[in-house]
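This is what each chain is made of:
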Amino acid sequence: MSLFSAVEMAPRDPILGLNEAFNADTRPNKVNLGVGVYYNEEGRIPLLRAVAEAEKARLAVQAPRGYLPIDGIASYDALVQKLIFGEDSPLLAEGRVVTTQALGGTGALKVGADFLKRLLPDATVAISDPSWENHRALFESAGFPVKNYRYYAAASHGIDLPGLLEDLNALQPRSIVVLHACCHNPTGVDLDLADWEQVLEVIKARGHVPFLDIAYQGFGDSIEEDAAAVRLFADAGLPFLVSSSFSKSFSLYGERVGALSLVTDSREEASRVLSQVKRVIRTNYSNPPTHGATVVASVLSSPELRALWEQELGEMRSRIQKMRLAMVEQLRAKGALQEFGFVSAQRGMFSYSGLSAEQVERLRTDFGVYAIGTGRICVAALNQHNLDHVTNAIVEVIEAL
Ligand code: PLP
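Bear in mind that the values here come from a model prediction, so they are computed numbers and not experimental data.

Caption draft 1: Region of interest: the overall build of the chain. Secondary structure assignment for the chain yields 15 helices and 13 strands. In terms of overall dimensions, the chain is globule-like: its C-alpha atoms have a radius of gyration of 22 Å, near the 21 Å expected for 401 residues. Once the C-alpha set of the chain is aligned to its principal axes, its extents read approximately 65 × 60 × 55 Å. Within the chain, the proportion of its 401 residues that are buried is 56%. Excluding contacts between residues fewer than 6 apart, the proportion of contacts in the chain whose partners are at least 24 apart in sequence is 75%. Split by element, the accessible area of the chain, about 17,600 Å² in all, is 54% carbon and sulfur. Across the chain, 38 positive and 48 negative side-chain charges occur, with their mean positions spaced 5 Å apart.

In structure tokens form, the structure reads like this:
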């Protein structure tokens with residue numbers, strides 16, 4: 001008998017399954033709105049010019065590929081800190097923030113989760129309802145029980161703030177609360193600053209441990225404004241963790257460039273925390289890869305490349321916003337039986353469209369328009385060439401169902 005004969009087939013990843021079905025579809029006007037990446041007007045993942053420039057310079061140097069330190073490239077870590085906490089953050093001046101390069105935002109969440117499991121073995125983790133589908137699996141795999149807190153109010157396409165606060169209050173003290181710092185995935189609906197202040201009050205009162213996930217910095221309003229929640233927590237003087245990612249903002253998905261930051265009480269505490277986080281990394285993948293973080297560090301540290309990157313990030317942000325507005329306008333002009341104005345107020349790459357699972361299914365079977373069963377669509381996959389087909393399809397499925 002084989003060692004593996006009793007191994008059961010794991011459930012299929014629903015998004016990967018959708019992609020496979022999309023690839024097998026032979027209809028020429030098929031559109032994949034189920035993806036989690038930014039596509040440009042030509043329907044392709046862009047290679048940013050700032051990235052291409054930095055890569056050219058890196059290639060010319062013919063740098064050797066030795067091991068990096070366990071916590072990654074020091075200059076990269078310092079640049080990440082400034083981007084997230086702000087150039088003039090007193091926390092940085094006081095040496096209270098530990099930042100380690102990580103394998104994307106996912107890697108940062110996992111290292112953070114493993115570190116927290118050693119520190120708070122009996123804690124519960126709370127994630128938003130709904131949340132990025134990997135949050136639950138990731139914290140469960142680190143050994144934590146995972147609960148949902150109320151977040152999205154489907155009827156108003158907004159936030160269920162009373163429900164959210166009530167649920168955070170009801171968690172056992174010192175729970176780990178995972179929060180999307182901006183551009184909430186999958187809903188596109190964010191807390192405003194007044195909401196954040198109320199969330200912070202409950203977190204402080206209950207002694208919870210906030211874990212802020214910022215995977216779309218720059219896709220909401222701007223790099224600085226999208227960090228407002230992180231800065232609010234930084235000013236509050238409590239310990240917290242931040243996972244950050246450049247997958248989207250640098251269009252470097254496959255290079256796995258992210259970081260884990262931990263806000264501590266003092267420089268001395270920071271050095272102890274860093275030593276333990278390094279142990280988690282060392283026994284996991286030893287040290288991170290060189291390429292992506294080198295590229296990001298050279299872009300962020302060169303005034304010219306940084307300006308170019310900010311411009312390109314701004315172009316991605318405004319193209320998505322343009323697509324939101326155009327989608328809403330077309331649906332209105334075509335006499336859709338539902339009003340979609342709320343889509344233009346949502347932020348980031350995604351929209352909870354409000355379409356039912358049945359309507360999503362019909363979009364796929366009848367029109368070759370692929371979306372996730374929850375009705376999440378990736379607005380960043382819309383463009384001038386496919387928008388007309390998508391809005392026609394939505395109008396028709398709403399009429400039919
Ligand atoms: N967190 C959220 C909310 C996300 O949406 C994603 C990616 O989709 C990630 C983390 C992971 O990002 P990365 O691809 O950098 O691992």
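Caption draft 2: Looking closely at the side chain of Asp 190. Here Asp 190 lies in the loop between β7 (176–180) and α8 (193–206). Given a relative accessible area of 16%, Asp 190 falls into the buried group. Only 2.7 Å separates the side chain of Asp 190 from the backbone nitrogen of Cys 183, close enough to count as a polar contact. Of note is the side chain of Asp 190, whose polar atom sits 2.8 Å from the side chain of Arg 347. In contact with Asp 190, other than residues within four places in its own chain, are Tyr 151, Ile 159, Cys 182, Cys 183, His 184 and Arg 347.

Caption draft 3: Inspection of the site of the ligand at higher detail. Not every one of the 13 residues close to the ligand is listed here, only the nearest: Thr 106, Asp 213, Tyr 216, Ser 247 and Lys 248. At 2.5 Å, a side-chain N or O of Thr 106 approaches an oxygen atom of the ligand. At 2.6 Å, a side-chain N or O of Ser 245 approaches an oxygen atom of the ligand. When the ligand sits alone it has 400 Å² of accessible area, and the protein chains cover 92% of it. Spatially, the ligand is embedded in the largest pocket. The greatest single-element share of the shell around the ligand, amounting to three residues, is contributed by helix α5 (residues 104–119). A breakdown of the residues in the shell around the ligand according to their chemical character gives three nonpolar, seven polar and three charged.

Caption draft 4: Just the packing of helix α7 (residues 161–170) against α8, in detail. Put simply, α7 and α8 touch, their axes get as near as 9 Å, and they point 15° apart. By the criterion of interaxial angle, the relationship of α7 to α8 is roughly parallel. Handedness of the crossing formed by α7 with α8: right-handed. From α7, Leu 161, Leu 164, Leu 165, Leu 168 and Asn 169 reach across to α8, where they touch Asp 195, Gln 198, Val 199, Val 202 and Arg 206. Broken down by class, the residue content of the contact of α7 with α8 amounts to six nonpolar, two polar and two charged.

Caption draft 5: Highlighting helix α14 (residues 357–367). Within α14, the full set of buried residues consists of Gln 359, Val 360, Leu 363 and Phe 367. Down the axis, α14 shows its buried residues gathered within 105° of arc, on one side only. Among the exposed residues of α14, those pointing more than 90 degrees away from its buried face are Ala 357 and Glu 358. If you follow the buried residues of α14, they end up packed against β12 (369–370) and α15 (387–400). Following α14 by one or two positions, Gly 368 has its phi on the positive side, about 70°.

Caption draft 6: Representation of the packing of aromatic side chains within the structure. Taken as a whole and assessed by the stated rule, the structure comprises 13 aromatic pairs. Judged by centre distance (6.0 Å) and plane angle (85°), the ring pair of Tyr 216 and Phe 350 falls under edge-to-face. One end of the pair, Tyr 216, is in the loop between β8 (209–214) and α9 (228–235); the other, Phe 350, is in strand β11 (residues 350–352), and 134 residues separate them in sequence. Judged by its relative accessible area of 7%, Tyr 216 falls in the buried class. Judged by its relative accessible area of 1%, Phe 350 falls in the buried class. A connected cluster of aromatic rings, assembled from ring pairs, spans Tyr 76, Phe 246, Phe 250 and Trp 309.

Caption draft 7: Looking closely at empty space enclosed by the protein. Enumeration over the complete set of coordinates arrives at one cavity of 30 Å³ or more. Empty space within the largest cavity amounts to approximately 60 Å³. What lines the largest cavity is simply Val 80, Leu 83, Ile 84, Ile 214, Gln 217, Ser 244, Ser 245, Phe 246 and Ser 249. Of all elements in the fold, only α3 (74–85) and β9 (240–245) reach the threshold of two or more residues within the lining of the largest cavity. The greatest single-element share of the lining of the largest cavity, amounting to three residues, is contributed by α3. Classifying every residue of the lining of the largest cavity gives five nonpolar, four polar and no charged.

Procedures and definitions
- Residues numbered from 1 in each chain as written.
- Predicted model: local features only at pLDDT ≥ 70, side-chain atom pairs only at ≥ 80, totals over all residues.
- Heavy atoms only, no water.
- Helix = DSSP H or I, 4+ residues; strand = E, 2+ residues; numbered from the N terminus.
- Rg over C-alpha atoms; globule rule 2.2 N^0.38 Å.
- Buried < 20%, exposed > 50% of the residue type's maximum accessible area, 1.4 Å probe, protein only.
- Contact = heavy atoms within 4.5 Å.
- Areas by Shrake-Rupley, 256 points an atom, 1.4 Å probe, with all protein chains shown as cover.
- Lys, Arg positive; Asp, Glu negative; His and termini not counted.
- Charge placed at Lys NZ, Arg CZ, Asp CG, Glu CD.
- Polar contact = N/O pair within 3.5 Å; in protein donor to acceptor, adjacent residues only side chain to side chain.
- Near = heavy atom within 4 Å.
- 1 Å grid on protein atoms, 1.4 Å probe; cavity = no way out; pocket = protein on both sides within 12 Å on 5 of 7 lines; lining within 4 Å.
- Sits in = over half its atoms within 2 Å of the grid points.
- Nonpolar A, V, L, I, M, F, W, Y, C, P; charged D, E, K, R; others polar.
- Axes fitted to C-alpha atoms, helices over the stretch in contact; angles between N-to-C directions.
- Parallel < 35°, antiparallel > 145°, perpendicular 65-115°, else oblique.
- Left-handed = near helix turned anticlockwise from the far one by under 90°.
- Arc of directions from axis to C-beta.
- Phe/Tyr/Trp six-rings, centres within 6.5 Å; stacked < 30°, edge-to-face > 60°.
- Points joined across faces, edges and corners; volume = space filled by probe spheres on them.

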